[in-house]
Amino acid sequence: MGEVIGIGAAPKRKEDQRFITGRGNYVADIKRADMSYGVFVRSPHAHATIDAIDKAPALAVPGVVGVFTGAEFAADGCGTLPCGWAITFKDGSPMKEPPFPALATGKVRFVGDAVAFVVGETLEAATAGAEALVVDYGLLPVVATLLQAAAPEAPLLYDDVPGNLCADWALGDEAATEAAFARAAHVSHVSLVNNRLVGNPMEPRAAVGEYNPGTGQYTLWSTSQFPHVVRLLMGMVLGIPQHKLRVVAPDVGGGFGVKQFHYGEEAVTTWAAGKLRRPVKWVSTRSEGFLADRHGRDHVTEAELALDENGKFLAMRVHTYANMGGYLSTFGPNIPTNLYGPLLSGVYVIPSIYCSVKCMFTNTAPVDAYRGAGRPEATFVVERLVDMAAHDLGLDRLEIRRRNMIPKSAYPYQTPVLVEYDSGDPLGCLEQATIKGDVAGFAARKAESARAGKFRGFGVSTYVEACGLAPSRFAGRLGARGGLYESATVRVHPTGQVTVLIGTHNHGQGHETTFAQIVSERLGVPFENVDIVFGDTDRVQFGMGTYGSRSLVVGGSALNKAADKVILKGKKIAAHLLEAAEQDITFEAGVFAVAGTDRKKTIEDIALAAYVPHDYPLEILEPGLEEQAYYDPVNFTYPGGAHLVEVEVDPETGVVEIVKYTACDDVGTVINPMIVEGQLHGGIVQGIGQALYENCVYDETSGQLLSGSFMDYCMPRADGVPKMDVSTYSTPCAHTPMGVKGCGEVGTIGSPAAVISAVVDALAHLGITHVDMPASPNRIWRIIQNASIPR
Ligand code: MCN
C-alpha cells in the first residue's frame, strides 16, 4: 500500500523512470507499417518569386513516391495557416493578415520557407529527391531587419501591406502620459534591442501522418504542446472533420514555446499521407529547426521614464518595433502587444503609461512565443529604465526600487495598463533576496575581484508576470479568436486507483508528478495509484495545452474542481450506504464518515459500490465514479520576484562570468518545491542565455541566417552557469482554488535584466550606462576598448 504524497511534498518525478531508462516514446520513435519518409524543400532565398517547379528530376530518383507543392495543396481545397489572435491598429482598424500557406505559393518570404515536400521509401531516397527538385526563383529585394522594414521606400513583402506594417498597436492613456512628462523634474531614456532567439528544444520537431481509407480516419503524431488545438486548426486547414482526425503528442522533448503553434509541416505531412494512402514521417534536422522553427523576441525599443524631484515615478512612454517575420504565426501578433504592454508597470506605482508597438513584416522566420513571451521583453524595458533613472539621479538601484514599489497593502492593485494584480509583495521578495544574496558584502567581494584584475558588478531585476493563460473574458477583449479554459477528468476505478485525463501537455514540467500529488492529497489515495493521461485527442476531452505557465493554474484548478465533484458524488453514495443524511457525511484523508460516529467507508469501498451497484441508489445516482470539470480563471495570476546577480568581467578578453546568482520568486502556493526549483533553474539559464550568449542574426543584404548552427549560435552550458541560490516567497493567488501561481517562465523573465544590470555596473567606472544583449566577449571587449573614460 503506497502512501499519500500531497501538496508541498517533493517526491521524485514519476515520469523520469521511463526517460532515464530509455523508455520514452517520442514522435521519431514511431514506426507504422509501410511507412514512408518526407523531406521539405526549403527556399534558399529570403525573398523571391517562385517562377517554376520542375518535379520530374525528383520523381525520377529511385524510391521517391511523391512530390507535393503548394499549388497542389491549394488545388485540393486546403487552406492557409490561421492566426489565433486579431490585434488592431490604434484607430481600431484590423491588423493586416496576409495568408500563411503551409507550402509557399507564388513567393517565398524567408530562407527556410517550405516550397515542396518530397516523400520516399526511405529517408535517403526522399533526401536525394529533394536535392534533385528544380525550383526557379526570381530574386526580390530583401528586408532583413526591423529598421530596414520600417524605412521609407522599404521593399514590401506584401503588395497590400503598406510600410510592411501588420499593425500599429497602442495601450494606455497617451494624453495623461504626455501631461506627466511635461511636468516631470527629470526624464530618463533608454534605447535598446531585445535580441532575437531560437528556442532549440532538445528534441527537434517531428510529425507522422497516417490515413486509414477504410474508416476515413486521419492520425497525426506531432511534437506539439497542444494537440487538441492542432486538431482544431489543422482540421480547418485540411477540411477534415474533427471526429475523423486524431492528434497525438506523445513524449515531447522540451518545447519552450516553439511547439505551441500549428505548423505547416503538420498539415502537409498529414495531407500527403492521405494522398499516398500510406504513413509519412518527417523529422526536422537541427539546421531546419534554426531556419524554420518559430523564433522569439526581436524588438527595438525607445523608452522614457518621467520622475519627480524625489525620484518617484510619474509616467512611462514606450515605443517598440516588433518583428513578426515573414508571416503571422499562431500567436505572433499577441506576443509583443498583449503579453508586453500590460506588464510595463512592473512592480511599480507608475500613474500613467503609454505604449505603442509597430508589428513589422520582414524576410525572416515567423516570430512567436518563446519562454516568457513578451514578459521578459517588458521586464527588460522597465528594469533598464529604472537602472538608468537611478544612474541619472545618483540614487542607489535598490533604493529607487524600494521607493517606487507597490506596497503589499495596495493589493489588489490596478495598473494603468489594463491588468489588476490580485496579490504580491515585491518589497518582501526584494528584502529576502537582498539578505540571502549578502548585498552588504558586495563591496568587499568587488575589491577582491579588483585585486585579481577583474571588474565586478552587482545587478538587480524585480519583475511581475501575468500567466495562467486563460481568462477567456480577458482573452476575448484582447483579440483571441477563442476562449482559454482547461479541462480535467478524474476517473476513480472500481478498485480505487485513479486515472486523470487532462488537456494540458507535459513536456518536461513534471505534471505526471505534481498533478498526482494534487489528486493524492484531495482524494486521500496513494500517490503511486494516480496516473496522468494527456496528449491524445482520442483519449482526453478537449483541452488547450501547455504554454504561458498555465498548466497548474488552469489545468491543476480544473483537476481540483473535478476532485471536488468526485468527493461530492462519493458523499451521496456514502450517505446511502451508511444510512445517513448526505449533509452529515464528512470526507477526510480518503475516508467518508458519518459526523460524530465511527461509521465510515473508504474511498475504495465507495468506488467499488459505485461500479458494482449492489445496494446502490440507482434511482438517484448513475453508477461510476468519474467526474469532469472545466476551469476558466477570473484573472491571470501574477508571480513576481527579485533576482540579484554578481558578475566578473575580464577586461583582457571581455568574458563575463556570473559569479553569484540569488533569486527569490513568488509563485504562490507551491505544489512540489523540487520541481519549482528545477523550473526556476531552467528558466534562469535561458535568461542567462539571452543576456550573455544567444543571438539570432540575419545578413542585412541577403537575409541569410548567419547563426544557423550551434557553431554560430551560442547556447548556455553548465560551465557558464553558477550555482544558484533560488528561494520562494509566497503570497497565495487570491482567486485560484489552491492559491497557486505559475512558475514555468519566471526564471526567464527575471534574469536577463539582472544580468545586464550587473554587466553595466561592472563597466560603470568606464562611463558605460547600457549594454545590449548578448553581452558577448566580443561586444564587451569592444566597449572596454572604446570607452570614453579609459580603464
Ligand atoms: N508548480 C508547482 N507549484 C507552483 C507552480 C508550478 O509545483 N506554484 C509545478 C506545476 O505543477 C508543474 C510545473 O511546476 O509541474 C510548471 O508549472 P506551470 O508554471 O503551470 O507551467 P506549465 O506546466 O504550464 O509549463 C509551461 C512553462 C512554459 S510556458 C515554458 S515555455 C516552459 C516551462 O514551462 N517550457 C519547458 N518549463 C519547461 N520545462 C521543461 N523541462 N521543458 C520545457 O519545454
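Cut-off values and rules
Residues numbered from 1 in each chain as written. Predicted model: local features only at pLDDT ≥ 70, side-chain atom pairs only at ≥ 80, totals over all residues. Near = placed C-beta within 6 Å. Helix = DSSP H or I, 4+ residues; strand = E, 2+ residues; numbered from the N terminus. Nonpolar A, V, L, I, M, F, W, Y, C, P; charged D, E, K, R; others polar. Domains from an automatic or database assignment. UniProt positions renumbered as here; feature names shortened; annotations may be inferred. Pairing = 2+ DSSP bridges. Axes fitted to C-alpha atoms, helices over the stretch in contact; angles between N-to-C directions. Parallel < 35°, antiparallel > 145°, perpendicular 65-115°, else oblique. Left-handed = near helix turned anticlockwise from the far one by under 90°. Contact = placed C-beta atoms within 7 Å. Buried ≥ 20, exposed ≤ 12 C-beta atoms within 10 Å, placed from the backbone.

1. Section: the site of the ligand
Lining the immediate environment of the ligand, one finds 37 residues, of which Gly-508, Thr-514, Ser-551, Ile-671 and Gly-744 sit closest. Elements represented by at least two residues in the shell around the ligand include exactly α15 (511-523), α16 (551-577) and α18 (673-693). Along the lines of polarity and charge, the residues of the shell around the ligand split into twelve nonpolar, 21 polar and four charged. Both of domain 1 (16-22 + 485-631) and domain 3 (295-407 + 416-469 + 635-786) provide at least three residues apiece to the shell around the ligand.

2. A look at the UniProt feature "domain: Aldehyde oxidase/xanthine dehydrogenase a/b hammerhead" (unreviewed entry) in the chain
In the numbering used here, UniProt assigns the feature "domain: Aldehyde oxidase/xanthine dehydrogenase a/b hammerhead" (unreviewed entry) to residues 21-141. Secondary structure across residues 21-141 divides into 17% helix and 29% strand, with the first and last C-alpha atoms of the span separated by 52 Å.

3. Observations regarding the sheet that holds strand β2 (residues 48-54)
On the basis of which strands lie adjacent, the open sheet formed by three strands has the order β4-β2-β6 and antiparallel pairing. The open sheet has two edge strands with one neighbour each: β4 (107-108) and β6 (134-139). Relative to β6, β2 runs antiparallel, the two being bridged by six bridges. Bridging from a neighbouring strand, Ile-53 pairs with Val-135 of β6.

4. What to know about the packing of helix α7 (residues 227-238) against helix α8 (residues 264-276)
Two elements in contact, α7 and α8, have axes whose closest approach is 10 Å; the angle formed by their N-to-C orientations is 60 degrees. In terms of orientation, α7 lies oblique with respect to α8. As for the relative orientation of α7 and α8, their crossing is right-handed in sense. Listed contacts from α8 to Val-230, Met-234, Val-237 and Leu-238 of α7 are Glu-266, Ala-267, Thr-270 and Trp-271. When the residues that make up the contact of α7 with α8 are grouped by side-chain class, the tally is six nonpolar, one polar and one charged.

5. With respect to the pairing of strand β1 (residues 36-42)
Burial within β1 is extensive, with six of its seven residues counted as buried. As defined by bridge partners, β1 adjoins strand β13 (residues 280-283) across two bridges and the pair is classed as parallel. Bridging across to β13, Ser-36 finds its partner in Val-280. In this sheet, strand β5 (residues 114-120) lies alongside β1 in antiparallel orientation, the contact comprising six bridges. Opposite Tyr-37, over in β5, you have Gly-120 as the bridge partner.

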